Every structure is written in C-alpha cells, then in structure tokens.
Amino acid sequence: MLKGEKKDDSIRILESCGFNVHIGLRVLEQKSLITISDSEGLRFHDHIEEMCWNIVRGLHPLEPSKHSRLRIKEEIEDILVNELGTDVTRSIKLKYTSLHPTTIMRGLRKMRKLRFLSVQSQYWNKGDIVRAVDEVSQYLPDALQSLYWPMYPFRSLPQTFQANKLVNLEMFMSNISELWEGGEKKVLNKIRFIDLRYSKLETFDLSMTPILKKLNLEGCCDLFKLHIPVECPKLKFLKLGGSKVSILNLGMTPHLEELNLSGCNKFVELHMPIECRKLKFLNLGGSKVSILNLGMTPHLEELNLSGCNKFVELHMPIECPKLKFLNLKGSKVSILNLGMTPHLKELDLEGCYYLQEIHAPMGCLKNLVYFNFNGCSRFKRFAVYKKNEVHDVVRLSLFAESLDRCPLHPESNLPKFQFYCNYWEPLPSSSGNIEKLISFGLCACTNLESFSTSICGLQHLRELTLIGSIPEVPNDLYQLQSLEMLRLWMKEIKHLPDNICMLKRLKSLDLNDCRSLQVIPNSICKMECLNKLNIGGAGIRHLPYNIFQWKGLCITGTRGQLESCGFTNLIFGLEGWYVRLNI
C-alpha cells in the first residue's frame, strides 16, 4: 500500500494505524526486504510485493470485496459503485478516480472497520458538488485512523463522522472551511497529525485536539484565528504560513520545535515565554513583527526574519549556542549582537539599509560559510568565500566608491564611502578577519584611521587589493607579515608609507592607475622577495637608483614610463611593456 511513499509519510500513516514503525522498518531494511531512499521513498522487490498481495487475496482471489486491502482502481470503483463493501476491508488506496465523491462515500457505508483511506481524485467542480450534496449523502466510517483526501470537495466533515479513532487527517487544497458544520465542537482525543494546508479554514481550536503533534495550515489565506485556550503539551510542529493570523502566544506550547509564520503579512506580535527550550526553527519571514525577544532558546537552529520590513530590534538575552542560520534580509534592524551566536554558519543581511553596528567578538564567526551583506549603507556588496581547498589563501578585495552624503548621517563631516568587498578564506579557519572587517562601522561615514586598523589587523592575509577613491594607503601595512601580493589601484593616493619595506614576504606590488602617485620610497629596495612591480597608469616617472641593482625584478609599465626611468632594453609581452633587471 505504501510503495513509493516518502519515509516520513510512511511512518506517519503506519503510526496512525497502530504499528510500531521505527523498529519494524529498521528490521525489514536490515534484512534487505525493503529499501528507503530520499528520491524513491519506500521500495521493495516485485516478488515480495506479489507475495504480499497473494496473502491478501487469500481464499477469495476473485472477490475483491473480501480482501483486507484494496489498491487496484477498477476493483475499488466497482465495489464503491455497486455498494459491495464489507467489514473485511481495512485499507483502501484509490488513485486518479473520477467517481463522484458522493458515490465514494455511499460505497463506504458497509466498510465499518476501514482504518486507512486514501483518495486521489481527478479535478471536480467543487461548487457543483457542494450544491448537489445533502447531509445524508456524506459518510465516513468511524473506525478510520488515517484519512488522506486532498482536494476534498465539501465544506466540512460528515456530521455523523465521530472521528474518535482518527490519528492522521490530510486534506490539503480542500474546500473545508470548518471541521464540522455549524461550528460543532468534537474533541479528537487520538488525532496527532493534521494537514489542511491551502484549505478554506477560517479558525482552528487546539483545545479540541489535546495530543496533536503536527498542525499544518500553510496557505490557509482565510485563517484569521488560532485558539490556544489550554496547554498543548504534545504540539511540536505548527505551520501557519500565508494565513491572516495576527497574534500568537507560545506560552501554551512548551514543547514546540518548529513554528512557521512565513508570509503572514497581518502578523504583528509573537508572545514568547521566558523559556522555549525545545524551539529549533522559527520562521517569521514577510510578517510585520517589529521586535523579537528570543528569551531562553538554547536549541534554536534557524531564525528567519527575511522581508520583515517593520523589524527593528532583535533581543538575545542569553547565548543561542546552536543557532546556525540567521536571516534578517530586508529588515530595519540597526544594531546586531553576534556575540550570542558562536556557531553561526549562514548570515543573510542583504538590504539591511539601516544597519549601523554589529557587535562581533573575535571568533564568533569562525564557522561562517555564507555571509550576504549586499545593499547595506556601508557595503554595496560583501561576499565571503570559504573553501576547503589546499591551495586556497586568504585574500581581500575592496573597491571604494565615494559618496556625497551618508543617508543615515547627512550632517557628518567624515569621508563617505560605499564598498564592494570580496573575501576568500580556506577552511577550517578561526582568523577573526570577518569580525574585523565589519568592526569599523556600517554606515557610509568612514573613519580612515579605524578603516586602516581593521585592514591591517587581518590575520594570514596573502593577497590584498584596494581599488577606488580612498585618499591614502593604510599606515600600518607592515603588520600584514603574510602578505605576498599587494594591488593598490587608488587614483588619489600621493605617497606610499615608508614602512612598506617591512613586508618581507611581498612578491608582487601593483600600482596600476595610481595616477597621483609620483614617487616610490627608497625603502622599497629592502624588500628582498619582491619580483614584480607594476607602475602602469601611475604618475611615476622616476624610480629609486638602487632598484637598478635588483636581480630578477620585473617592472611593468607604459613604454614612456619605462624609458623616462632610464630603461632601454624593453620587452613587449602579454601584459604590455616590461623590463627584467640584471639577467
């Protein structure tokens, strides 16, 4: 009956019918009688399947009405149309039927011990069905434990259906607006799983489902009220995405693990108790929540506030040691404390235009593998690339674009820049470099001294590229003792710091487009490892005299530059004109 079903769906259905699923499936899998995969679900050999159906047919191979399980469409339809059902039948799986729903229900009347019913119908005109059906025509056996009927066409369950044995109810994309007509309340003492997503349900009362474990009401765009008048000790999964619910109090759901309110554009307030110890996944994306206090949520793994354009403040009073995914994309948060998230792997702050300050202690982002900072006031683009490759090195590329004013601080006298940042780092790493890069502020106002301190404090940096309109080279470049390649494509700089000679491992110095730079300090001749110097596009017309004694140094530039520096043995190659000294 469950061949091809996903593992979780199979477990839910079998549990609903009273089977000890986990042990049973594990034993069958160990004995190679079944296989379970993410792509193909529950599978077993055709011979095993045929043997099972032979057992089901038993002494009545030609009388399907006397079989405990029915799955052949033609046989099921014949039994239902002719009302040949018996108490023998326990399970029905009817796929792609065009039978009228009233015919199906009428045919179920003699199957009083039916436990499992799965109906997948072809398209019906729901309006015609609803108008043509009276209460007498609707029927479902009270023995049902698992009911799967997507696109169920009626506005409610049959009035006569007691559902006192029902454990699993799946009627997504159905016409249901209330469980029972007239708002009648029936306590479903055994139900554990309800899936009514994309139905027409308007309200739901959790006091009627005391041991409910999973409730999925996603896409119920008419749902405006979820009643939680009493504690729901078993509820672990609650999905209300796309509904009209506006306020929710989690005080009555002490064991909730997953809450999804994505796309609830009427939702404004989430009341969380001091402790939500079981909560693992919280999705408020697209809601109108403005403030969130996480309280004590030690097992929270994922927090999504993407598209919450009213959101301004996130409180994390204690550490969230298991939080790995944090998405604040498009929010209005201005201050963010990442000291409480030591194991963060993914951080999305794209479009956080109002973000001005991030508190990020060294090492708190050591596990970060994805970081989206695009579109904030300081960084037009901020990309982090972490790869587990042997030959990858720590690299930083910063392109600075001058701004006339800071949108957040229009009266500030500080220089204003917006950056395009690309940062590469091999895994594993605990350099703390990302924390330093975001530590010098996030608005466009740029304190050049703080900027210099942040850049020159980076650990294990092998390649540094600075491009654009920054007016001066960071003064403390000498601190980058691992630096091997330095590109300074900065049209406004007029001099290089003398301490640049302390970069003992620097192999390549590229001064392309430094049009205001006319002089290179004499101390550059102390850089023993330097083997490549590019002055093309710079204003340099003279080089220190000692540089002519440098063996193996390759100097690249325009023909006029190199000739004005006194070189005659010029060579033209793929990178333009160059000269190689003392070969």
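The following paragraphs examine the structure supplied in this document. The shown structure was predicted, so the numbers you read here are calculated from the model rather than taken from an experiment. (Residues numbered from 1 in each chain as written. Predicted model: local features only at pLDDT ≥ 70, side-chain atom pairs only at ≥ 80, totals over all residues. Heavy atoms only, no water.)

## A short note on the overall build of the protein
Secondary structure summary: the protein contains nine helices and 34 strands in total. Taken over 583 residues, the protein has a buried fraction of 48%. The long-range share in the protein, meaning contacts at least 24 apart out of those at least 6 apart in sequence, stands at 37%. Accessible surface computed for the protein: about 27700 Å², of which carbon and sulfur atoms make up 50%. (Helix = DSSP H or I, 4+ residues; strand = E, 2+ residues; numbered from the N terminus. Buried < 20%, exposed > 50% of the residue type's maximum accessible area, 1.4 Å probe, protein only. Contact = heavy atoms within 4.5 Å. Areas by Shrake-Rupley, 256 points an atom, 1.4 Å probe, with all protein chains shown as cover.)

## Section: the environment of valine 312
Mapped onto the secondary structure, valine 312 falls in the loop between strand E18 (302-304) and strand E19 (313-315). Between the C-alpha atoms of valine 312 and isoleucine 335, which are 23 residues apart in sequence, the distance is 8.6 Å. For valine 312, the residues in contact, after removing those within four places along its chain, are Ser290, Ile291, Lys332, Val333 and Ser334.

## Description of the side chain of lysine 436
Relative to the helices and strands, lysine 436 resides in helix H7 (residues 433-437). One buried charge, lysine 436, has no salt-bridge partner; the nearest side chain with opposite charge is glutamate 435, at 8.1 Å. (Lys, Arg positive; Asp, Glu negative; His and termini not counted. Salt bridge = Lys/Arg side-chain N within 4 Å of Asp/Glu carboxyl O.)

## Side note on the pairing of strand E28 (residues 461-468)
In terms of burial, E28 is largely enclosed, as six of its eight residues are buried. Judged from the seven bridges that link them, strand E26 (residues 394-402) and E28 form a sheet pairing that is parallel. Within the sheet, the bridge partner assigned to serine 397 lies in E28 and is threonine 465. (Pairing = 2+ DSSP bridges.)

## Digging into helix H4 (residues 73-81)
Among the residues of H4, Ile76, Glu77, Ile79 and Leu80 are the ones counted as buried. Mapping the buried residues of H4 onto a view down its axis gives an arc of 160°, with all of them on the same face. On the buried face of H4, the contacting elements are strand E3 (69-70), strand E4 (91-97) and helix H5 (101-107). Phi turns positive one or two residues past the end of H4, at glutamate 83, with a value near 55°. (Arc of directions from axis to C-beta.)

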